[in-house]
Amino acid sequence: MKFIVSSTALFSHLQAISRVINSRNSLPILDCFLFELRDGTLFMTASDNDTTLSTSIEVNESDSDGRFAVSSKTLLEALKEIPEQPLSFHIETSNMEITVQYQNGKYSLMGQNADEYPQAQELGSNAVQVTIGADILMNGVNRSLFATADDELRPVMNGIYFDISTEDITLVASDGHKLVRCKTYAAHGAEKAAFILPKKPANLLKGLLPKEQGDVQIGFDDRNAMFTLENYQMICRLIEGRYPNYNSVIPQNNPHRAIIDRALFISALRRVSVFSSQSSSLIKLSLSENQMKISAQDIDFSTSAEETIVCQYDGNPMSIGFKSSFLIDILNNISAQNIIIELADPSRAGVIVPEEQEENEDLLMLLMPMMLND
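Residues numbered from 1 in each chain as written. Predicted model: local features only at pLDDT ≥ 70, side-chain atom pairs only at ≥ 80, totals over all residues. Heavy atoms only, no water.

Chemist: Tell me what's going on with the overall build of the protein, and back it up with residues and numbers.
Modeler: On a plain count of helices and strands, the protein comes out with six helices and 25 strands. Referenced to the eigenvectors of the C-alpha coordinate spread, the extents of the protein come out at roughly 80 × 50 × 35 Å. Taking all 374 residues of the protein together, 52% fall into the buried category. The contacts of the protein with a sequence gap of at least 6 include a subset with a gap of at least 24, amounting to 66%. (Helix = DSSP H or I, 4+ residues; strand = E, 2+ residues; numbered from the N terminus. Buried < 20%, exposed > 50% of the residue type's maximum accessible area, 1.4 Å probe, protein only. Contact = heavy atoms within 4.5 Å.)

Here it is in structure tokens:
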């Protein structure tokens, strides 16, 4: 079995799918890439048994169809230093010896039998199908991924919840302290449906989507989801369980409303949070007419800081405490110039939204307060 393929095209595709491979695998064959040559197209697959990522490229020449597996680490390291040129692969099917010839030399390595490679899960006949723009999905995943939890006791919180209706698609993530709800009206389903995407495949999508254009086809059943992109296909096992009612925790009547320059707010928070308690990272926001005082103190080390920034606020004076690192995370995941903080009282969650929503989007972030010492 022989074929010729571009070195840079092969390396870039293998590098993208290699992110799914774990450093330690339950099956030795999962340390390998699966190569399948069919009708002049080379299909490449990587898997960790829960998530399978595959891609394909056209080969320049081939003499027959076939399948083999090859060590991912060895092949990636070998291809990394080769500049753009044709690579000639020769696979001896009797003993799986692989020879890769390039301009000034050759590599010899041993392959493995492709029949040992686990097959990707198939979707059931009842699978739900949804189409969403790659850029819209990328925005939703990027904005919500940071808020997912690492909670062994509540695994449903460890992923992004896709809430699909006939009018919109909403992506939700929460770790119990912060919550993100990113709703888009530019895509919708034919029926009401939902699934929870685990953190690892969500991270893989985050890496793949910036290079993609057009639409992403999502198909899912009770156990698995399939994401079909222009150049890649990912099949992953879903988190099973019922996601909490996220709308019920979002405060509806928030009389205290401040509009603040986001960049100004972040830089002030970073300066003041240096002086907060290392154990709690508590910062205090004190709102009064058209200004916000940001303060922090660490009683153990007798350090404190405060800074005042201008904002649009005409309500009654009030103070609320937040964990500074969580608040900075939220502000970093909003792209608008100005943000609106809506507050009810110091014991209820603060709602943070961009002053100007992007087209066909409704983004909301929520942060639970911390008790103030005074």
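Moving on from the model shown.
Chemist: Could you give me a rundown of the sheet that holds strand 17 (residues 232-237), with the residues and numbers involved?
Modeler: The sheet built from eight strands is open, its strands ordered 6-2-3-4-17-16-15-10 with antiparallel pairing. With one partner strand each, in any of the chains shown, strand 6 (66-71) and strand 10 (128-133) form the two edges of the open sheet. Across this sheet, the average inter-strand angle for adjacent strands is 20 degrees, counted without regard to direction. Where strand 2 (residues 32-38) lies against strand 3 (residues 41-47), five bridges are found, and the strand directions are antiparallel. (Pairing = 2+ DSSP bridges. Axes fitted to C-alpha atoms, helices over the stretch in contact; angles between N-to-C directions.)

Chemist: Could you give me a rundown of the UniProt feature "domain: DNA polymerase III beta sliding clamp C-terminal" (unreviewed entry) in the protein, with the residues and numbers involved?
Modeler: With numbering matched to this structure, UniProt assigns "domain: DNA polymerase III beta sliding clamp C-terminal" (unreviewed entry) to residues 248-365. Helix makes up 18% of residues 248-365 and strand 43%, with an end-to-end C-alpha separation of 14 Å. (UniProt positions renumbered as here; feature names shortened; annotations may be inferred.)

Chemist: How would you sum up the nonpolar core? Please name residues and give values.
Modeler: In this structure, Phe3, Leu10, Leu14, Phe33, Phe35, Phe220 and Phe227 are the most contacted members of the largest nonpolar core, which totals 64 residues. Per-element tally for this core: the top contributor is helix 1 (residues 7-18), with five residues. Those residues in contact with Phe3, other than ones at most four positions away along the chain, are Phe35, Leu37, Leu42, Val59, Glu61, Ser62, Phe68, Leu87, Ser88, Phe89 and Ile91. Core analysis: the next-biggest nonpolar cluster, separate from the first, contains 38 residues, Ala173, Val180, Ile294 and Ala296 among them. (Core = buried A, V, L, I, M, F, W, Y, C linked by side-chain atoms within 4.5 Å.)

Chemist: For the packing of aromatic side chains, give the residues involved together with the corresponding values.
Modeler: Tallying each qualifying case throughout the model produces ten aromatic pairs. A centroid spacing of 4.8 Å and a plane angle of 10 degrees characterise the contact between Phe3 and Phe89, whose relative ring orientation is stacked. On the criterion of sequence distance, the pair formed by Phe3 in strand 1 (residues 2-6) and Phe89 in strand 7 (residues 86-92) is long-range, its members being 86 residues apart. Judged by its relative accessible area of 1%, Phe3 is buried. (Phe/Tyr/Trp six-rings, centres within 6.5 Å; stacked < 30°, edge-to-face > 60°.)

Chemist: Can you tell me about the UniProt feature "domain: DNA polymerase III beta sliding clamp central" (unreviewed entry) in the protein, naming the residues and giving the values?
Modeler: Annotation from UniProt places "domain: DNA polymerase III beta sliding clamp central" (unreviewed entry) at residues 134-245. The distance from the first to the last C-alpha atom of residues 134-245 is 27 Å, and the span holds 19% helix and 38% strand.

Chemist: Any details on the packing of helix 1 against helix 2 (residues 72-80)? Residues and values, ideally.
Modeler: Packed helices, taken two at a time, are described by the angle their axes make and the gap between the axes. Taken N-terminus to C-terminus, the directions of helix 1 and helix 2 make an angle of 140 degrees; their axes are 10 Å apart at the nearest point. When the axes of helix 1 and helix 2 are compared, the pair comes out oblique. Crossing hand, helix 1 versus helix 2: left-handed. For the pair formed by helix 1 and helix 2, the contact residues are Leu10, Phe11, Leu14, Gln15 and Ser18 on the first element and Leu75, Leu76, Leu79 and Lys80 on the second. Taken together, the residues of the contact of helix 1 with helix 2 sort by class into six nonpolar, two polar and one charged. (Parallel < 35°, antiparallel > 145°, perpendicular 65-115°, else oblique. Left-handed = near helix turned anticlockwise from the far one by under 90°. Nonpolar A, V, L, I, M, F, W, Y, C, P; charged D, E, K, R; others polar.)

Chemist: I'd like a rundown of the packing of helix 5 (residues 262-273) against helix 6 (residues 324-332), residues and numbers included.
Modeler: Running from N to C, helix 5 and helix 6 cross one another at 155 degrees; their axes reach a closest spacing of 10 Å. Judged by the angle between their axes, helix 5 and helix 6 are roughly antiparallel. Viewed along their axes, helix 5 and helix 6 form a crossing whose handedness is left-handed. Mapping the contact onto sequence places Arg262, Phe265, Ile266, Leu269, Arg270 and Ser273 in helix 5 and Ser324, Leu327, Ile328, Leu331 and Asn332 in helix 6.

Chemist: I'd love a proper account of the sheet that holds strand 20 (residues 291-298), names of residues and values included.
Modeler: Strands sit in the order 21-20-19-22 across an open sheet of four strands; the sheet is antiparallel. At either margin of the open sheet sits one strand with a lone partner, and together these are strand 21 (303-310) and strand 22 (318-323). On average, adjacent strands in this sheet sit at an angle of 20 degrees to one another, irrespective of strand direction. One ladder, built from five bridges, connects strand 19 (residues 282-288) with strand 20; its direction is antiparallel. Bridge pairing links Leu287 to Met292 in strand 20. Helix-sheet contacts for helix 6 involve strand 19 and strand 22, and the interaxial angle to strand 22 is about 90 degrees.

Chemist: Could you give me a rundown of the pairing of strand 24 (residues 350-354), with the residues and numbers involved?
Modeler: Taken across its five residues, strand 24 has five buried, putting it largely inside the fold. Taking every second residue as pointing to the same face, both faces of strand 24 are buried, with Gly350, Ile352 and Pro354 on one and Val351 and Val353 on the other. Taken together, the four bridges between strand 23 (residues 338-343) and strand 24 define a ladder with antiparallel strand orientation. Residue pairing across strands places Ile341 opposite Ile352, the latter belonging to strand 24. As defined by bridge partners, strand 24 adjoins strand 25 (residues 361-367) across three bridges and the pair is classed as antiparallel. Its bridge partner being in strand 25, Val351 is matched across the sheet by Leu366.

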